[in-house]
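The chain contents come next:
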Amino acid sequence: MVKMILQRLIQIIPTLLVVVTITFVLTRLIPGNPAAAVLGPQASVEEIERMEEEMGLNDSLGKQYVDYLKNIVKGDFGKSYSYNIPVMDLITERIPNTLLISLTSLVLAILISIPLGIVSAIKQYSAFDYIAMVLALVGVSMPIFWLGLMLVLVFSVNLGWLPSLGMGSMNNGLWDVVSHMILPVACLATIPTATFTRITRSSMLEVVNNDFIKSLRARGLKERVIIYKHALKNALPPVITVIGLQLAAAFTGAILTETIFSWPGMGTLITGAIENRDYMLVQGAVLITAMAFVFVNLAVDLLYMVINPKVNYESKGGGA
Amino acid sequence: MEHKKDSLGGQAHAVMLEKERKSNSAWNKIKRNKTAMLGLFIVVFMMILVIFAGILAPYDPNELSLGSTYLKPGSPGHIFGTDEFGRDLLSRIIYGSRISILVAVGATFVGATIGVLLGLVSGYAGGIVDSVIMRIMDGMMAFPFILLSIILMTILGTGVFNVILAVGIANIPNFARVVRGQVHIVKNEDYCKAVIGIGASHPRLLFKHILPNTLSPIIVYATLSTAGSIISEAALSFLGLGITPPTASWGNILRAGKETLNTAPHIATISGIFILLTVLGFNLLGDGIRDVLDPKMKK
């Protein structure tokens with residue numbers, strides 16, 4: 001297993017290199033002149049030329065790439081011109097805000113979906129199961145940016161219960177922040193809740209029909225003990241994998257959700273940076289996001305190896 | 001089976017086998033799957049909108065009528081009401097279906113074509129080729145789908161063709177992985193070894209023998225990917241990066257609806273319902289096809 005873990009660790013090096021390279025190429029391809037963008041519309045041609053020289057834009061692409069790699073290794077992501085502070089400072093300021101809503105929504109999704117999936121599985125083909133599965137199907141198909149608008153329409157515009165924009169401030173008390181969180185979190189939790197409910201149900205169904213569960217029943221164990229202690233434990237590995245995948249995917253949802261609710265996180269930071277042609281910021285924020293994804297996936301894989309040593313890593317990597 | 005053959009005679013047995021074969025055919029299995037049929041019904045309904053938009057839409061989708069802006073749904077002559085320029089919302093939704101579904105199908109086609117090729121080569125060649133292709137796919141997958149599309153759209157600029165390309169490129173890695181995994185299973189089967197044994201060329205083996213045997217997961221994934229691409233188009237247009245007005249797409253109708261959420265909520269509500277329904281339809285159909293074609297993949 002140590003060998004497998006080491007193999008997995010070595011595997012991420014080329015992936016990271018690809019991530020870094022794709023980010024470099026994509027940001028270079030965004031149309032517009034970064035030097036002109038920094039100086040603003042009033043800049044003269046000479047000023048722009050001087051700035052291009054200063055920013056290293058006249059160097060060969062190869063040299064730019066090497067400089068860029070060197071800086072990344074040093075943890076230097078350059079300076080955002082629209083905010084006029086180092087990119088890294090902006091990112092460390094925004095990441096907690098994105099984590100706040102994405103992690104809260106994931107925890108909420110787990111708390112709702114696992115019991116829901118279990119009950120659906122135990123009462124397979126009941127009205128409860130039927131309704132839960134229809135809701136879950138609608139949930140996985142939900143365009144969350146539309147759901148966000150509908151939540152705003154009902155709870156902010158029509159009922160006036162909850163604020164629809166921004167994040168509030170702890171200076172106005174905890175409720176101010178919490179009330180601003182409710183709609184974005186509800187929006188973000190929808191797809192994970194639906195996904196987890198479906199996978200918990202199907203995984204539980206597979207386990208409950210196993211012989212060892214039948215033999216536990218034959219031995220006269222209480223149904224509650226059988227379900228929650230024995231069956232659930234064996235049904236969890238696939239659920240954990242899916243939770244891990246959603247953890248990494250949570251960011252995709254965050255980009256759209258943050259835009260709708262003007263939540264000051266990484267999503268709004270990146271979309272704003274693209275609009276302003278703030279190349280350094282786009283490059284840094286996109287890179288950090290992608291690297292975070294690689295590491296979360298790594299963590300999930302390692303966790304999976306530990307809880308389920310039977311998994312043959314080679315065949316898992318090849319399968320769909 | 002044997003005793004039945006004796007009692008019923010050879011002919012009757014053949015008829016029975018034929019019946020059994022028919023009831024087990026993919027189509028019959030899908031017919032028995034109620035949710036898949038619901039999905040198919042929704043997809044067919046949307047396809048009818050796409051094909052017969054010109055006949056079904058009561059108005060020209062771009063016809064302005066500044067005297068009757070923001071009419072509520074149910075107004076005479078406008079079941080879904082009108083938008084900020086007095087354009088008939090029903091007609092815009094019907095014409096919007098063309099763009100939204102064209103983009104989704106096109107993006108799936110682009111992603112599938114390139115992804116399948118890469119997956120075939122990667123899985124078949126193995127070794128260093130496989131490693132290089134798969135690491136690039138891993139790297140692409142590290143970018144959140146929507147983020148990759150947003151950056152590609154910024155580079156390419158708005159427009160139908162560019163949305164297809166941007167969403168299509170973001171679709172590539174998943175197809176490549178699905179196909180590569182399948183090739184790994186298929187290429188070690190006896191019939192593939194036999195084909196090599198009789199001296200078939202690599203391309204012949206790859207396209208004539210391996211590709212057809214990887215089709216089931218490709219079909220399943222393509223259906224689900226169409227659902228995802230409808231969301232992607234809508235998301236990009238919603239952010240103002242996809243299809244730009246006056247061309248109607250469900251995403252940009254929703255974007256316009258967002259601006260008037262307080263005064264005319266029906267625009268956002270109705271366009272979103274169509275997105276949700278269509279995505280649901282493709283998802284149900286995809287799940288159903290998966291259950292039928294590949295019971296092992298059933299989750």
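Trainee: Looking at this model, I keep getting lost on the overall build of chain B. Mind explaining?
Mentor: Along its length, chain B carries 13 helices and zero strands. Listing every helix and strand of chain B by position from the N terminus yields α-α-α-α-α-α-α-α-α-α-α-α-α. Its C-alpha atoms give chain B principal-axis dimensions of about 80 × 60 × 30 Å. The buried share of chain B, taken over its 299 residues, is 51%. Across chain B, contacts joining residues at least 24 apart in sequence account for 67% of those joining residues at least 6 apart.

Trainee: Would you explain the pattern of salt bridges in this entry?
Mentor: For side chains bearing opposite charge, pairing can occur when the charged atoms are close. Within the structure shown, the criterion is met by eight salt bridges over all chains. Its salt-bridge partner being Arg180 of chain B, residue Asp130 of chain B comes within 2.7 Å of it at the nearest N-O pair. Here Asp130 of chain B is found in helix H6 (residues 127–141), whereas its partner Arg180 of chain B is found in helix H8 (residues 160–186), with 50 residues between them in sequence. The exposure classification of Asp130 of chain B matches that of Arg180 of chain B, with both residues buried. Where salt bridges share partners, they join Arg198 of chain A together with Asp287 and Arg290 of chain B into one cluster.

Trainee: Is there a simple way to explain the interface of chain B and chain A in this structure?
Mentor: A common way to report how large an interface is uses the accessible area buried once the components associate. Taken together, the contacts link 44 residues of chain B with 45 residues of chain A. With both sides pooled, the region where chain B packs onto chain A buries about 3,800 Å², and carbon together with sulfur makes up 81% of that total. Per-residue buried area on chain B facing chain A is highest for Arg135, Phe143 and Leu276 of chain B; these three make up 15% of the total on that side. Between chain B and chain A we count one salt bridge in total. Residue Asp287 of chain B is joined to Arg198 of chain A by a salt bridge in which the shortest nitrogen-to-oxygen separation is 2.9 Å. Taken together, chain B and chain A are joined by three residue pairs in polar contact (both at pLDDT 80 or more). Breaking the side of chain B that touches chain A down by element, the ones donating at least two residues are H6, helix H7 (145–156), H8, helix H11 (215–238), helix H12 (250–259) and helix H13 (265–293) of chain B. Per-element accounting of the side of chain B that touches chain A gives the leading share, 12 residues, to H13 of chain B. Residue classes in the side of chain B that touches chain A are distributed as 30 nonpolar, seven polar and seven charged.

Trainee: Please clarify how H12 of chain B should be interpreted in this entry.
Mentor: Residues three or four positions apart in an α-helix share a direction because the helix packs 3.6 residues into each turn. Those residues of H12 of chain B that sit buried are Trp250, Gly251, Asn252, Ile253, Leu254 and Gly257 of chain B. Looking at the buried positions of H12 of chain B, the neighbouring elements they touch are helix H7 (144–158) of chain A together with helix H3 (34–51), helix H5 (89–125), H11 and H13 of chain B.

Trainee: Can you help me understand the environment of Ile231 of chain B in this one?
Mentor: Its location among the elements puts Ile231 of chain B in helix H11. Between the C-alpha atoms of Ile231 of chain B and Val279 of chain B, which are 48 residues apart in sequence, the distance is 7.4 Å. Dropping the residues within four chain positions of it, Ile231 of chain B is found in contact with Ser141, Met142, Pro143 and Phe145 of chain A together with Val279 of chain B.

Trainee: Got a minute to help me understand the domain arrangement of chain A in this structure?
Mentor: Segmenting chain A into domains produces domain 1 (1–82 + 276–320) and domain 2 (94–235). Using only C-alpha atoms to locate each centre, domain 1 of chain A and domain 2 of chain A end up separated by 33 Å.

Trainee: Can you walk me through the packing of H5 of chain B against H6 of chain B in this structure?
Mentor: All names here are of chain B. As a packed pair, H5 and H6 sit with axes 7 Å apart at the nearest point and diverge in direction by 140°. Put simply, H5 runs oblique to H6. For the element pair H5 and H6, the recorded crossing hand is left-handed. Across the interface between the two elements, Leu118, Val121, Ser122, Gly123 and Ala125 from H5 touch Gly127, Val129, Asp130, Ile133, Met134 and Met137 from H6. When the residues that make up the contact of H5 with H6 are grouped by side-chain class, the tally is seven nonpolar, three polar and one charged.

Trainee: Would you take a moment to explain helix H8 (residues 174–208) of chain A for this structure?
Mentor: Counted at 1.5 Å a residue, the expected span for H8 of chain A with its 35 residues is 51 Å, but the 44 Å between its end C-alpha atoms falls short. At Ala189 of chain A, H8 of chain A shows its maximal bend, which comes to roughly 35°, and the proline Pro192 of chain A appears one to four places after that position.

Trainee: What is the right way to look at the packing of H5 of chain B against H13 of chain B in this model?
Mentor: Two quantities define a packed helix pair, namely the angle between the helix axes and the distance between the axes. Residue and element names in this part refer to chain B. Contact geometry for H5 and H13: axes closest at 11 Å, N-to-C directions at 40°. Viewed along their axes, H5 and H13 form a crossing whose handedness is right-handed. Mapping the contact onto sequence places Leu89, Ile93 and Ile101 in H5 and His266, Ile267, Ile270, Ser271, Phe274 and Thr278 in H13. Across the contact of H5 with H13, the residue classes break down as six nonpolar, three polar and no charged.

Trainee: Help me understand the packing of aromatic side chains, please; the structure alone is not making it clear to me.
Mentor: How two aromatic rings sit relative to each other is set out by the distance from centre to centre and by the angle between their planes. In the structure shown here, the tally under the stated rule is eight aromatic pairs over all chains. Both rings, one in Phe175 of chain B and one in Tyr221 of chain B, keep their centres 4.9 Å apart while their planes meet at 90°; by these two values the pair is edge-to-face. With Phe175 of chain B in helix H8 and Tyr221 of chain B in helix H11, the pair connects residues that are 46 residues apart, well separated along the chain. Judged by its relative accessible area of 22%, Tyr221 of chain B is partly exposed. With a centroid separation of 6.1 Å and 50° between ring planes, the pair formed by Trp250 of chain B and Phe274 of chain B is classed as tilted. Residue Trp250 of chain B is located in helix H12, and its partner Phe274 of chain B is located in helix H13; the two are separated by 24 residues in the primary sequence. Grouping residues by exposure puts Trp250 of chain B and Phe274 of chain B together as buried. Ring pairing ties together the aromatic residues Phe24, Tyr65 and Tyr68 of chain A, which thus form one cluster.

Trainee: It is not clear to me how the environment of Ile48 of chain B should be interpreted in this structure. Could you clarify?
Mentor: All names here are of chain B. Counting through the fold element by element, Ile48 comes out in helix H3. Exposure remark for Ile48: the relative accessible area of 38% places this residue in the partly exposed category. For Ile48 and Ile94, which are 46 residues apart along the polypeptide, the C-alpha to C-alpha distance reads 9.7 Å. Residues in contact with Ile48, not counting those within four places in the same chain, are Ala53 and Leu56.

Trainee: What should I look at first to understand the confidence of the model for chain B in this one?
Mentor: In low-pLDDT segments, the atomic positions of the prediction should not be examined closely. Per-residue confidence for chain B gives a mean pLDDT of 84, with 93% of residues at or over 70. Interface scoring of the predicted complex returns ipTM 0.82; its pTM is 0.84.

Criteria and cut-off values
- Residues numbered from 1 in each chain as written.
- Chains lettered and ligands numbered in written order.
- Predicted model: local features only at pLDDT ≥ 70, side-chain atom pairs only at ≥ 80, totals over all residues.
- Heavy atoms only, no water.
- Helix = DSSP H or I, 4+ residues; strand = E, 2+ residues; numbered from the N terminus.
- Buried < 20%, exposed > 50% of the residue type's maximum accessible area, 1.4 Å probe, protein only.
- Contact = heavy atoms within 4.5 Å.
- Salt bridge = Lys/Arg side-chain N within 4 Å of Asp/Glu carboxyl O.
- Buried area = accessible area lost by both parts, 1.4 Å probe.
- Polar contact = N/O pair within 3.5 Å; in protein donor to acceptor, adjacent residues only side chain to side chain.
- Nonpolar A, V, L, I, M, F, W, Y, C, P; charged D, E, K, R; others polar.
- Domains from an automatic or database assignment.
- Axes fitted to C-alpha atoms, helices over the stretch in contact; angles between N-to-C directions.
- Parallel < 35°, antiparallel > 145°, perpendicular 65-115°, else oblique.
- Left-handed = near helix turned anticlockwise from the far one by under 90°.
- Expected span 1.5 Å × (residues − 1).
- Bend = angle between axes of the 7 residues up to and from the residue.
- Phe/Tyr/Trp six-rings, centres within 6.5 Å; stacked < 30°, edge-to-face > 60°.
- pLDDT = per-residue confidence, 0-100.

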